[in-house]
Amino acid sequence: MNETKVPFEATISDQAVSLPEKREEELPGRDSISILIGGAAGTGIMTLEKILTGAFKRSGYFVFSTKEYMSRVRGGSNTTLLRIADAPVNAPCWYTDIFIALDTDALSHAHERLTDHTIVLADENITHEEIEITKIPVSRALKELGGRHYANSYVTGVIFGIFGLDEAVLTESMEALFDEEEIHKNKAAMHQGVVYGQSLKDLPFPKLPGQLQQKTNSMHLMDGSSASGFGFLAGGCNMITAYPMSPSTGVLNFMASMSEHFTLLVEQSEDEIASLNMVLGGWFGGARAMTSTSGGGFALMSEAVSLSGMSETPAVIYLAQRPGPATGLPTRSEQGDLNLAIYSGHGYFGRIVLAPGDLQECIDFGYLAFELADRYQMPVITLSDQYLADSIGMLKRVDFSAYVQRRYILPTDALYERYKFTENGITPRGVPGLGEGLVVSTSDEHDERGQITESSHMRDKMVKKRKKKISLAILEAHSPKVMGEGSIAVIGWGSTKGVITEVLRELADPRLFQVHFVWVHPLDPRHLEMLKETKTNIVIENNVTGEFSDILKKHDIDIHHRILQADGFAFFTDLLKEKLYNLVKEQK
Amino acid sequence: MKHPLDRTDIDNAWCPGCGNFAILKLLKEVLTELELDPKNTVIVSGIGQAAKTPYYIGTHMFCGLHGRALPVSAALKLSNPALTVIAEGGDGDMYGEGGNHFLHTIRRNPDIVHIVHNNMVYGLTKGQASPTSQKGFKTPVQVKGVNNEPFNPVSVALALKAGFVSRVNIGNYTHAKSVLKEAFLHKGYALVDVFQPCVVFNKVNTYKWFKENTAEIEDSHDSSNLLSAMQKALENAPVPIGIFYQTMQSTFEENLRGDDTRALYSLSHDIDKLQLLFGAY
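Because the structure is predicted, anything quoted here is derived from the model rather than measured.

1. Brief notes about the overall build of chain B
So, point 1. Along the backbone of chain B there are 10 helices and 8 strands.
So, point 2. For 281 residues, the compact-globule formula gives about 19 Å, and the C-alpha radius of gyration of chain B, at 20 Å, lands near that figure.
So, point 3. Across its three principal directions, the C-alpha atoms of chain B cover 70 × 50 × 40 Å.
So, point 4. Expressed as a percentage of its 281 residues, the buried residues of chain B come to 58%.
So, point 5. If you take every contact in chain B between residues at least 6 apart in sequence, the share linking residues at least 24 apart comes to 70%.
So, point 6. For chain B, the accessible surface area stands at approximately 11300 Å², while carbon and sulfur atoms represent 53% of it.
So, point 7. Chain B carries 26 positive and 27 negative side-chain charges, and their two centres are separated by 6 Å.

Here is the structure:
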């Protein structure tokens, strides 16, 4: 048993890893159209989203889609928004160019999102007093085909027909999702849709942007949950123990699917308390373990977060936020758990909180979460939210060999002391069975051997040891990404990255520039100096009080304005653009 | 007398006369006699006096949170099935605070030995009722005596078809030793509920009381018969001690890992495969 080796053995004296370099490539054009599709849960609206995003990508477009759905299994009124563009797009819009209502409820539900220019398509049977509808014979076609569940295929066909796109591409996208038995009738439904869509081409539909086949072919299409999952796998995750909770379940599902391909142990635990304790047991034994949860579940984990900090056992926690508390809006979005992530637990101990803002950052910082947890022997919390987790977007090829693999565990000798004082506060970590030493992990205050002590001197030294680790980690904090320059900083964190980027590009106001934080705790004051030189600091956050703004204020940064939203939705480009425009137009 | 498994220079926090001392001695002897390598043995515990056991024995240890030793143990065994994993704690720790984990760990069936020091009282918090306190037991909190039905870990474990279900009385040392040995030899989850007196806070359930109120299960008992085991578990005058039930089932780690018993720290992911899977998106 002692003959086995630790792959990628590393120590804290190794330089901090740097993430693979990525050059932001500017693409020509800025045209986009939006399509909103509304229907009940359980009628395959998510399948429709997958088919369409895949088909538009294959047709040479940049696509983005996001959904909002009710916390119920069937029925209700849900929507999926697609944006089709000739440049990368990573944000939703509120107003839509085309709206397709699959039932009457959808019309009322999405009413506010229609403008005078929106073209509304709906089944012949659907009428609305105030909304002008272009009728499509969905139910008639379905009757002939023998089933309501072909509605989505029919509708995808209509869309492709309207824009005169290649039916073969749509078929390809569909074939990736349906099995032999299903595909035949779905294809038939799709074809009828295409034919009908083509007959509508004289209507004043918005023009599709130009196609960029070569660009989009080399890109990948996925949702935020999958991107996070790829990041965790790049970080070597080989154990996930979690209790299902929207919107974090996407990661759990993804990892479970990947357990078919890797040594990756997946256990659905009895509760979140067990989840995080299992994660700690896993790391103690040498695993790279993580859990996935949302705010309510994370609240239950807080005692074990403290244990991770105290016992210096690494832990990775993926926390997908949703509006809370107890239990809020289970399937909607908010950045409302930042304070929970930063302050949960009893007593002082170091932790790192990361909040990736797009698919690439989900991968980078998913990987980094494992690297940091292992390196500093402390909990690392990766924040996502329903919007980021569920949205589908595109990203460039990722070279996974570029992520430096490391494992900070060393074979122990007979005199090994788990909590030995070192200059930087970090004791090399051993695991049971690797080497001659005995490995301990303990929640009570302890001496260097890990034995319980109530000595005030030892307590003082151990508290300082643990505190030292976080001072060291701060030195490796990733600085916020600064995009552009100007006198007015538009500051965001996590999933608001895409929407702020687009709004600033649209406003084209030379005074505005974007500051995007991914490493949200602990902050390195050196990275904040620049915000003391800006004339105006505006923070945009998807919560009711401005949790991150308050943290910046604690670091002596003046916050002049906050744009906050806590209605269950992520920010929309068109609405945010208007708000920001009104805010800055009076500014000097 | 010093045992090879003693940790040296340790201040033991138990009261003189505590039943914990005998359990500690028993555990050390069983580990030695079964030639279990302390360098491949981990004791996982929670909070409480019983949960301090790992501090006094020369094996690896993980002393965590109140009630949470079992999930830690299961994941630890999963991360390295070659380890011998023991979860140890008191009745409040394992049956009160950790009750939910008790149920679900049995369902998982990790190959661990679960030792519960059962003294029917909360000692460390100075004498309140525990889940196993007998009805009528008076404490500063249960001033009129305990009203609640005592938790019967044996019948609960049997209801969940735990692989190995036993109870011993530390006052009957030789018998306890033979049962604990069997628990270690059993593949899968093994419960050993240990009657043990709290000499300070439980003046009712004393060494004498346990001696007079327990009886070894007779040899004729068929420990493969779940129904008769359950019948035995419900007897209480006297309370049976011994192995109630034993059955072989596949373990948590076998179910998740098959024959792969390599420590997870020795493994890494195939990056080419990851690249390929990503490419499919």
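What follows picks up the thread again.
2. A closer look at helix α1 (residues 19-33) of chain B
Residue and element names in this part refer to chain B.
So, point 1. For α1, which comprises 15 residues, the first-to-last C-alpha distance of 21 Å matches the rise-based estimate of 21 Å (1.5 Å per residue) to within 8%.
So, point 2. What α1 keeps buried is the set Gly19, Asn20, Ile23, Leu24, Leu26, Leu27, Lys28, Glu29, Val30 and Leu31.
So, point 3. Among the structural elements, β1 (41-45), β3 (84-90), β4 (112-118), α6 (173-185), β6 (190-195) and α7 (207-213) are those in contact with the buried residues of α1.
So, point 4. Just downstream of α1 lies Glu35, where phi reads positive at about 55 degrees.

3. So, the pairing of strand β11 (residues 315-321) of chain A
Residues and elements named next belong to chain A.
So, point 1. Among the 7 residues of β11, 7 are classified as buried, and the element is accordingly described as predominantly covered.
So, point 2. A two-sided burial pattern is seen for β11, the buried positions comprising Ala315, Ile317, Leu319 and Gln321 on one face and Val316, Tyr318 and Ala320 on the other.
So, point 3. As defined by bridge partners, strand β10 (residues 289-293) adjoins β11 across 4 bridges and the pair is classed as parallel. Among the inter-strand pairings, Thr291 is bridged to a residue of β11, identified as Ile317.
So, point 4. Note that β11 and strand β13 (residues 379-385) share 7 bridges and pair parallel. Its bridge partner lying in β13, Ala320 is registered against Ser384.

4. What about the pairing of strand β2 (residues 62-68) of chain A?
The two faces of the sheet receive side chains in turn, since in a regular strand these alternate between them.
Residue and element names in this part refer to chain A.
So, point 1. For β2, a buried count of 7 out of 7 residues is recorded, marking the element as mostly surrounded by other parts of the structure.
So, point 2. Neither face of β2 is left uncovered, since the one carrying Phe62, Phe64, Thr66 and Glu68 and the one carrying Val63, Ser65 and Lys67 both have all their residues buried.
So, point 3. Bridge count between β2 and strand β3 (residues 75-85): 7 bridges; the pairing is antiparallel. Of the residues in β3, the one forming a bridge with Thr66 is Leu81.
So, point 4. The antiparallel hairpin formed by β2 and β3 contains 6 residues in its connecting segment.

5. Focus: the UniProt feature "domain: Thiamine pyrophosphate enzyme TPP-binding" (unreviewed entry) in chain B
So, point 1. Following the UniProt record, one finds the feature "domain: Thiamine pyrophosphate enzyme TPP-binding" (unreviewed entry) at residues 52-194 of chain B.
So, point 2. Structurally, residues 52-194 of chain B comprises 34% helix and 20% strand, and the distance from its first C-alpha atom to its last is 16 Å.

6. With respect to the confidence of the model for chain B
A low pLDDT means the predicted coordinates there should not be read in detail.
So, point 1. Chain-level statistics for chain B give a pLDDT mean of 97 and a share of 100% at 70 or above.
So, point 2. Predicted complex, confidence summary: ipTM 0.98, pTM 0.97.

7. Let's talk about the sheet that holds β13(A)
Residue and element names in this part refer to chain A.
So, point 1. Read from one edge of the open sheet, 7 strands run β9-β8-β10-β11-β13-β12-β19, paired in mixed fashion. Each of the sheet's edge strands pairs with one partner strand only, and the pair in question is β9 (265-268) and β19 (519-521). Direction aside, neighbouring strands of the sheet carry axes that sit 25 degrees apart on average.

8. Focus: the state of the cysteines
All names here are of chain B.
So, point 1. Taken as a whole and judged by the stated rule, the model has 0 disulfides over all chains.
So, point 2. Cys18 takes part in no disulfide bond, and the closest cysteine sulfur to it belongs to Cys15, at a distance of 6.2 Å.
So, point 3. By relative accessible area, which is 12% here, Cys18 ends up buried.

9. Considerations on the packing of aromatic side chains
All names here are of chain A.
So, point 1. The tally for this structure, following the rule as stated, stands at 27 aromatic pairs over all chains.
So, point 2. Look at Trp94 and Phe569: their rings are 5.7 Å apart centre to centre, the planes differ by 75 degrees, and that puts the pair in the edge-to-face class. Separated by 475 residues along the polypeptide, Trp94 in the loop between β3 and β4 (96-101) and Phe569 in the loop between β21 (561-564) and α20 (573-584) bring together distant segments of the chain.
So, point 3. Pairing Phe232 with Phe370 gives two aromatic rings, centres 6.1 Å apart and planes at 75 degrees, and the pair type is edge-to-face. On the criterion of sequence distance, the pair formed by Phe232 in helix α8 (residues 224-234) and Phe370 in helix α13 (residues 359-376) is long-range, its members being 138 residues apart.

10. Points about unusual backbone geometry
So, point 1. Note that the residue after A:His521, namely A:Pro522, is joined by a cis bond; omega there is -10 degrees.
So, point 2. Within the fold, A:Pro522 resides in the loop between β19 and α17 (525-528).
So, point 3. The omega angle of the peptide bond from B:Ala237 to B:Pro238 is 0 degrees, so this bond is cis rather than trans.
So, point 4. Along the chain, B:Pro238 falls in the loop between α8 (226-233) and β8 (239-246).
So, point 5. In this structure, A:Asp556 is a non-glycine residue whose phi angle is positive, near 65 degrees.

11. Digging into the sheet that holds strand β5 (residues 164-169) of chain B
So, point 1. Strand order in the open sheet formed by 9 strands is β15(A)-β2(B)-β1(B)-β3(B)-β4(B)-β6(B)-β5(B)-β8(B)-β7(B), with mixed pairing between adjacent strands. Two strands bound the open sheet, and with one partner strand each, they are β15 (440-442) of chain A together with β7 (214-216) of chain B. Across the sheet, the axes of successive neighbouring strands diverge by a mean angle of 20 degrees, strand direction being ignored.
So, point 2. Its contacts with the sheet put α6(B) on β3, β4, β5, β6, β7 and β8 of chain B, and the angle it makes with β5(B) is roughly 160 degrees.

Rules of the game
Residues numbered from 1 in each chain as written. Chains lettered and ligands numbered in written order. Predicted model: local features only at pLDDT ≥ 70, side-chain atom pairs only at ≥ 80, totals over all residues. Heavy atoms only, no water. Helix = DSSP H or I, 4+ residues; strand = E, 2+ residues; numbered from the N terminus. Rg over C-alpha atoms; globule rule 2.2 N^0.38 Å. Buried < 20%, exposed > 50% of the residue type's maximum accessible area, 1.4 Å probe, protein only. Contact = heavy atoms within 4.5 Å. Areas by Shrake-Rupley, 256 points an atom, 1.4 Å probe, with all protein chains shown as cover. Lys, Arg positive; Asp, Glu negative; His and termini not counted. Charge placed at Lys NZ, Arg CZ, Asp CG, Glu CD. Expected span 1.5 Å × (residues − 1). Pairing = 2+ DSSP bridges. UniProt positions renumbered as here; feature names shortened; annotations may be inferred. pLDDT = per-residue confidence, 0-100. Axes fitted to C-alpha atoms, helices over the stretch in contact; angles between N-to-C directions. Disulfide = S-S within 2.5 Å. Phe/Tyr/Trp six-rings, centres within 6.5 Å; stacked < 30°, edge-to-face > 60°.

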